[in-house]
Amino acid sequence: MKETDRRLGMHRDITRRDFIHDLSLASLGMALNAGAFADEGTGGMEPATELYPPIRTGMRGSHPGSFEVAHALTRKGRAFPDPTDLDEEYDLIVVGGGISGLASAYYYRKRFGEDARILILENHDDFGGHAKRNEFHQGGRMRLSWGGAMNLEYPMFSDNVNALLEELGIRIDELLEGYEFQYGSGPKGSPSIFFDEETYGRNELVHGFSFRAGGDAGLDRMIDRFPVSEESRESLKRFYTRRDNVFEGRPESDVTRILTGTSYTDFLIKYGGLTDEAADLFVKTTHGYWGVGADSLSVAECIGASLPVMHLLGEPHLNGSGDDNPGGDVAMFPDGNASIARLLVHALIPQVAPGSNAKNIAMARFDYGGLDKASHPVRLRLNSTVVNVANHDGGTRAAYVNGGRVWRVRSKHMVLACNHSIIPHLCPKMPARQKDAQKYQVKRPLILTNVLLRTSQPFDRLDISGAYCPGRLHGAVWQVKGVNTAGYRHDWQDAGPVPVMFWGSVAPPDAGLSIKEQHRASRARLLTMTFKDFEREVRTVLDAMLSPAGFAVQEDILAITVNRWPHGYAYDYLDLWDPEWPPGEAPHEIARKPFGNIAVANADAGADAYTHVAIDQARRAVEDLPG
Ligand SMILES: Cc1cc2nc3c(=O)[nH]c(=O)nc-3n(C[C@H](O)[C@H](O)[C@H](O)COP(=O)(O)OP(=O)(O)OC[C@H]3O[C@@H](n4cnc5c(N)ncnc54)[C@H](O)[C@@H]3O)c2cc1C
C-alpha cells in the first residue's frame, strides 16, 4: 500500500464494506448459468429477509449485480435462454420500482380496483429507484441521509401530485416546520469554498464566500485568498462588485438570443470580464443540480440555477434572489424522497410496515421479506431485470432475470416505468420512430457519496456546514442535519456522529464533446471507478479541509456509502443542445405513446428530472391503458 494511502487510513476497516460488496455480487445472479433460487412462493426471488438494504454501505446506487444483465442486453446484444414460465398471472406488470413505477401501481388500483393483482419488477436490491435512503447506525442511534432524490419541489406540483401527497398523509407545511437545511450554506456557518492542494497548489478554505451570492463584507480579502493568478482574482473582484447592464440599448430579441445561445462560462468571459481560469471555477456549481457543467448550460438556464448574471442585466442582486440558495423553495424528508417511495409501498403492501404513516415513516423498518408474497395482491420483486416484454394473446408478458435464470410472467396490462433508453431493447416490436425517440433520452450521471463521521466538531470549529470544492470529483460537500420531520431528529447542536454528503457528477474527460457524448464519457468513467477510488477521494478532501480543526482521518471516518447513478437525472432539453419541436413532436412525447396493452411512464416521459414529474407520468400512463 502506498504511503499516502496508509496515512489517509485506507487500510482501516470501513463498516461492512467487503461483506456487502461480495454479497451483492453473489446474490443477484450475475452469471446466467448459476443455479436458480426458484421457489413457488417467490417466483424465483432470492429470499432477502436477512437483509435490510438501506443499511448497506460500500458501492450502492447502481450497485454491483444490478446492471450487468441490462448491459449484457443493451451493449452486447446478448440473447437470453428461453424463459421458464411461472404460474403467475397479473392484471398489471410494472417494469421499474422507482417513484413512477410505484405510483403507476397506486393509480392502477384506483382505476381498476383495490383487488387488482400487480407485480412490480425492479433490478436493484431495494425499491425506490433514485429515491433511496442511506441508514447509518452508530452508538444506538440511526443517522439518515439521501441516497438519491432529496427535494420536494412543491411550488411546481400539479393538482394531481398534491392530491397523491394528501392521500399519503404528507403535509408540506409540516415538512417545512422541521426544515433547517441549506446545502452547505447554513444555518450553521456561512457558505465557503475549499480549494485543494492537488488542483490549486495549496489547501485554502475561504469562509463566507459563495460563487452564487459572492461575499458581502471583506469580499476583496476573501478573493485575495483564492489560489489562482492575480489577474483572475482581480477579474473576480470586478465581477462581483460591478452593477451595470451589458446589453444597454439592445433590442430584447437580441438579448434573449444571447442569453439562450451563449454558454454561461463564455458569458462570464465575454460580458463578465472574467479570465478563463476564473470562469472555470464556476463549472461544477451546476454539477449536482443539473448533472451538467455550467460550461454546457446557457446563461438563461444559469439564471434559473441562481448563478450570478442579474447584476450585469441592470438588477441590484447578483442572482435575483440575492442569497446562496440554489435549491429554491423545497421541502424534505430526512431520507429525501425515499419516504415517498416507502409511503407508496406501504399503501400497496401495508403488511411490510404496519402502523406506518407520513408522520413516522422516516423511522419505519420495512420487512423486505414481505414484499413478494403470493398472498398479497401487490408483489414487489427485487433483483429482477426485465429483458423482454411483448403484447401477447390479448394481454402482455415479460421475461426477467433473477437468481441466474430467466422467468416469464403474464398480465393483462403493463407499464414500463424504467429508463426509456432500455425500452427499444426490451420491446423490439415497438415502432421504429418510437424507439428512436426513446434512445434520445440519455440520462445525466450523478454521484452522491455519504460518509459517516464520528463527530461534527471539526466543522463546528471551522464554523462551516459544508463547502464547494471546484477542483474535486464531487463539487460540493456538506453535513446532513436539520431535517427534523417524519419522526426523525438530528439537530445542528448535536456534535455526535454525522453523515457528510459529497455531491456532484463526473466531469467529462475531454472538451468539445456534445452533451450526450459528455454523459456517456462520464458514465463510462463512473462505472470504472472502484470503491477505493471514492474512498481515497473523500478521505483526501476531509483530511485536507478538516484536519486543521482536529479531524483525524484514520479514526473519524466510520462508514462510506457511494451512491453512483450512471443513469441519473432524466434528460431535459437544453438551450445549447436541443432544437424546439412542434407540440406533440418532442422525443419524450413520441417515446411515451402506448403500444397495445403496454403504457410508458418514468420521469423520462416528461423530459424533466423530478419526483413530481415521475408521479404525473405514472398517472398519465395508467390512463393510457385500454379498459
Ligand atoms: C442523485 C439524484 C438526486 C436527485 N434529486 C432529486 C431531487 O432532489 N428532487 C427531485 O424531484 N428529483 C430528484 N432526482 C430525480 C429523480 O430521478 C426523480 O425524482 C424520480 O425519483 C425518478 O423516478 P422514476 O421512477 O421516473 O425513475 P427511477 O428512479 O430511475 O426508477 C426507475 C427504476 O426502474 C429500474 N429499471 C430500469 N430498467 C429496468 C429493467 N429492465 N428491469 C427492471 N427494472 C428496471 C431502474 O433501475 C430504476 O430503479 C434525483 C435523481 C438522482 C439520481
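Residues numbered from 1 in each chain as written. Predicted model: local features only at pLDDT ≥ 70, side-chain atom pairs only at ≥ 80, totals over all residues. Heavy atoms only, no water.

This part is about the overall build of the protein chain. Helices and strands together make up the secondary structure of the protein chain, namely 22 helices and 17 strands. A compact globule built from 627 residues would reach a C-alpha radius of gyration of about 25 Å, and the protein chain, at 24 Å, matches this within 12%. In the protein chain, once contacts between residues fewer than 6 apart in sequence are set aside, the share between residues at least 24 apart is 74%. Accessible surface computed for the protein chain: about 23300 Å², of which carbon and sulfur atoms make up 48%. Side chains of the protein chain give 68 positive and 82 negative charges; the mean places of these two sets differ by 4 Å. (Helix = DSSP H or I, 4+ residues; strand = E, 2+ residues; numbered from the N terminus. Rg over C-alpha atoms; globule rule 2.2 N^0.38 Å. Contact = heavy atoms within 4.5 Å. Areas by Shrake-Rupley, 256 points an atom, 1.4 Å probe, with all protein chains shown as cover. Lys, Arg positive; Asp, Glu negative; His and termini not counted. Charge placed at Lys NZ, Arg CZ, Asp CG, Glu CD.)

Taken together, Glu231, Asp266, Asp276, Glu277, Asp280 and Asp295 make up a surface patch of like negative charges. Counting residues per element, the negative patch draws most heavily on helix H12 (residues 276-280), at three residues. With respect to the element layout, Asp295 can be found in the loop between helix H13 (287-290) and helix H14 (299-304). (Patch = residues over 30% accessible without salt bridge, like charges linked within 9 Å, V, L, I, M, F, W, Y side chains within 5 Å. Salt bridge = Lys/Arg side-chain N within 4 Å of Asp/Glu carboxyl O.)

In the vicinity of the ligand, 34 residues are found, and the nearest of them are Asn123, His130, Asn151, Ala603 and Thr611. One of the backbone nitrogen or oxygen atoms of Ile99 is found 3.2 Å away from an oxygen atom of the ligand. Between the ligand and His124 there is a distance of 3.2 Å, counted from an oxygen atom to a side-chain nitrogen or oxygen. For the ligand, the protein covers 97% of the area, taking 990 Å² as the surface of the free molecule. Listing elements by their share of the shell around the ligand, those giving two or more residues are helix H4 (99-112), strand S9 (385-392), strand S16 (557-569) and helix H22 (611-624). With three residues, S16 is the single largest residue contributor to the shell around the ligand. Here the residues of the shell around the ligand are counted per class, giving 17 nonpolar, 16 polar and one charged. (Near = heavy atom within 4 Å. Polar contact = N/O pair within 3.5 Å; in protein donor to acceptor, adjacent residues only side chain to side chain. Nonpolar A, V, L, I, M, F, W, Y, C, P; charged D, E, K, R; others polar.)

Attention shifts here to the pattern of salt bridges. Oppositely charged side chains may form a pair once their charged atoms are brought near each other. Counted by the stated rule, this structure contains 40 salt bridges. Ionic pairing is found between Glu89 and Arg410, a salt bridge with its closest N-O pair at 3.4 Å. Taken together, the residues Glu89 in strand S2 (residues 84-95) and Arg410 in strand S11 (residues 405-416) connect sequence positions 321 residues apart. Among the charged side chains, a network of salt bridges with common partners joins Glu88, Asp372, Arg379 and Arg381.

A word on the pairing of strand S12 (residues 444-453). Taken across its 10 residues, S12 has 10 buried, putting it largely inside the fold. The alternating pattern of S12 places Arg444, Leu446, Leu448, Asn450 and Leu452 on one face and Pro445, Ile447, Thr449, Val451 and Leu453 on the opposite face, and all of these are buried. Bridge analysis of S12 against S16 gives nine bridges, and the strand direction is antiparallel. Within the sheet, the bridge partner assigned to Leu453 lies in S16 and is Ile557. By the bridge criterion, seven bridges tie S12 to strand S15 (residues 498-504) in an arrangement that is antiparallel. Bridge pairing in S15 places Leu453 opposite Val498. (Buried < 20%, exposed > 50% of the residue type's maximum accessible area, 1.4 Å probe, protein only. Pairing = 2+ DSSP bridges.)

The next point concerns H22. Each α-helix winds once per 3.6 residues, and so residues spaced three or four apart point in a common direction. Taking 1.5 Å of rise per residue, 14 residues should cover 20 Å, and H22 covers 20 Å from first to last C-alpha, within 8% of that figure. Of all the 14 residues making up H22, 10 are buried; the element is thus mostly covered by neighbouring parts of the structure. Residues of H22 that are buried make contact with H4, helix H5 (159-167), S11 and strand S17 (598-600). (Expected span 1.5 Å × (residues − 1).)

This part is about the confidence of the model for the protein chain. When the pLDDT values of the protein chain are averaged, the result is 91; 93% of them are 70 or greater. Counting interchain partners and residues more than four positions distant, the pLDDT-below-50 stretch residues 16-49 has 75 contacts. (pLDDT = per-residue confidence, 0-100.)

The subject of this paragraph is the side chain of His124. Assignment of secondary structure puts His124 in the loop between strand S3 (118-121) and strand S4 (133-138). Here His124 falls in the buried class, since its relative accessible area comes to 10%. Not counting chain neighbours up to four residues away, the residues in contact with His124 comprise Gly61, Ser62, His63, Ser66, Lys132, Leu382, Asn383 and Trp565.

Moving on: the packing of H5 against H22. Two measures define how a pair of helices packs: the angle their axes make with one another and the distance between the axes. Packing of H5 against H22 leaves a shortest axis separation of 9 Å and a crossing angle of 95°. With respect to their mutual orientation, H5 and H22 come out roughly perpendicular. Only His612, Ile615, Asp616 and Arg619 of H22 make contact with H5, whose side of the interface consists of Asn160, Val161 and Leu164. Among the residues making up the contact of H5 with H22, the classes are represented as three nonpolar, two polar and two charged. (Axes fitted to C-alpha atoms, helices over the stretch in contact; angles between N-to-C directions. Parallel < 35°, antiparallel > 145°, perpendicular 65-115°, else oblique.)

This brings us to the packing of H4 against helix H15 (residues 338-348). Two numbers describe how H4 lies on H15: the axes approach to 10 Å, and their chain directions differ by 30°. Crossing hand, H4 versus H15: left-handed. In this structure, H4 uses Ile99, Leu102, Ala103, Ala105, Tyr106 and Arg109 to contact H15, whose residues at the interface are Ile340, Ala341, Leu344, Val345, Ala347 and Leu348. Here the contact of H4 with H15 is built from residues that sort into 11 nonpolar, no polar and one charged. (Left-handed = near helix turned anticlockwise from the far one by under 90°.)

The subject of this paragraph is unusual backbone geometry. Residue Ser306 is not a glycine yet carries a positive backbone phi of 65°. Positive phi, close to 55°, is recorded for Asn383, a residue that is not glycine. Judged by relative accessible area, which is 7%, Asn383 ranks as buried.

Turning our eyes to something else, we now look at the packing of aromatic side chains. Here the structure, examined in full by the defined rule, presents 28 aromatic pairs. Between the aromatic rings of Phe127 and Tyr368, the centroid separation amounts to 5.5 Å while the plane-to-plane angle is 20°, which identifies the pairing as stacked. Placement of Phe127 in the loop between S3 and S4 and of Tyr368 in the loop between H15 and strand S8 (378-381) is noted, with a sequence separation of 241 residues between them. Judged by its relative accessible area of 3%, Tyr368 falls in the buried class. Among the aromatic residues, those joined into a ring-pair cluster are Phe195, Tyr200, Phe209, Phe211, Phe226, Phe239, Tyr240, Tyr264 and Phe282. Cation over ring: Arg78 sits above Phe80, and NZ or CZ is 6.0 Å from the ring centre. (Phe/Tyr/Trp six-rings, centres within 6.5 Å; stacked < 30°, edge-to-face > 60°. Lys NZ or Arg CZ within 6 Å of the ring centre and 35° of its normal.)

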